[in-house]
Amino acid sequence: MAEAGRDISELELVGGTRAVFPDNNSCADLDQALAHIPAQLEQGFTTFCIKPSQFTDDPGGIGHFCRQVMRRVQSLV
């Protein structure tokens, strides 16, 4: 990037979670997935993608789930 006259800070680094499913019928553990966020923050990632369907089977609870994720991630910072 330096050779092209660009700065690495111009890039938006997008990180995410890695869902680990305990079996074929259960949702992944959110706390386990979020445990990887602090290391990504230290590396300069500022945006994170999380797939709610990996962590909840309740379509009506997606808003609550997203608020819960935001609170947990803010507490990691």
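Please refer to the structure placed before this passage.
Residues numbered from 1 in each chain as written. Predicted model: local features only at pLDDT ≥ 70, side-chain atom pairs only at ≥ 80, totals over all residues. Heavy atoms only, no water.

### Quick look at a nonpolar patch on the surface
Together, Met 1, Ile 8 and Leu 11 line one region of the surface with nonpolar side chains, adding up to about 280 Å² of accessible area. Looking at where Met 1 falls in the secondary structure, it is placed in the segment before strand S1 (14-16). (Patch = residues over 30% accessible without salt bridge, like charges linked within 9 Å, V, L, I, M, F, W, Y side chains within 5 Å. Areas by Shrake-Rupley, 256 points an atom, 1.4 Å probe, with all protein chains shown as cover. Salt bridge = Lys/Arg side-chain N within 4 Å of Asp/Glu carboxyl O. Helix = DSSP H or I, 4+ residues; strand = E, 2+ residues; numbered from the N terminus.)

### Quick look at the nonpolar core
Listed in full, the ten residues of the largest apolar core are Ala 19, Ala 28, Leu 30, Ala 33, Leu 34, Ile 37, Phe 55, Phe 65, Val 69 and Val 73. Among the elements of the structure, helix H1 (30-34) and helix H3 (62-76) are those that each provide at least two residues to this core. Once residues within four sequence positions are removed from consideration, Leu 30 is found in contact with Phe 55, Phe 65, Gln 68, Val 69 and Arg 72. (Core = buried A, V, L, I, M, F, W, Y, C linked by side-chain atoms within 4.5 Å. Buried < 20%, exposed > 50% of the residue type's maximum accessible area, 1.4 Å probe, protein only. Contact = heavy atoms within 4.5 Å.)

### What about the pattern of salt bridges?
Counting across every chain of the model gives two salt bridges. Of the charged contacts in the structure, one is a salt bridge between Arg 6 and Glu 10, with a shortest N-O distance of 2.9 Å. The partly exposed category is assigned to Glu 10, whose relative accessible area is 47%. Of the charged contacts, one joins Asp 31 and Arg 72 as a salt bridge, the two residues approaching to 2.6 Å between their closest N and O atoms. In this pair, Asp 31 is assigned in helix H1 and Arg 72 in helix H3, connecting sequence segments 41 residues apart. For Asp 31, a relative accessible area of 47% gives the class partly exposed.

### Side note on the packing of aromatic side chains
Summed over the entire model, instances satisfying the criterion amount to one aromatic pair. Ring centres of Phe 55 and Phe 65 lie 6.0 Å apart, and the angle between their planes is 15°; on these two criteria the pair is classed as stacked. With Phe 55 in the loop between strand S2 (47-49) and H3 and Phe 65 in helix H3, the pair connects residues that are ten residues apart, well separated along the chain. A residue is classified by how much of its surface remains accessible, and Phe 55, at 10% relative accessible area, is buried. (Phe/Tyr/Trp six-rings, centres within 6.5 Å; stacked < 30°, edge-to-face > 60°.)

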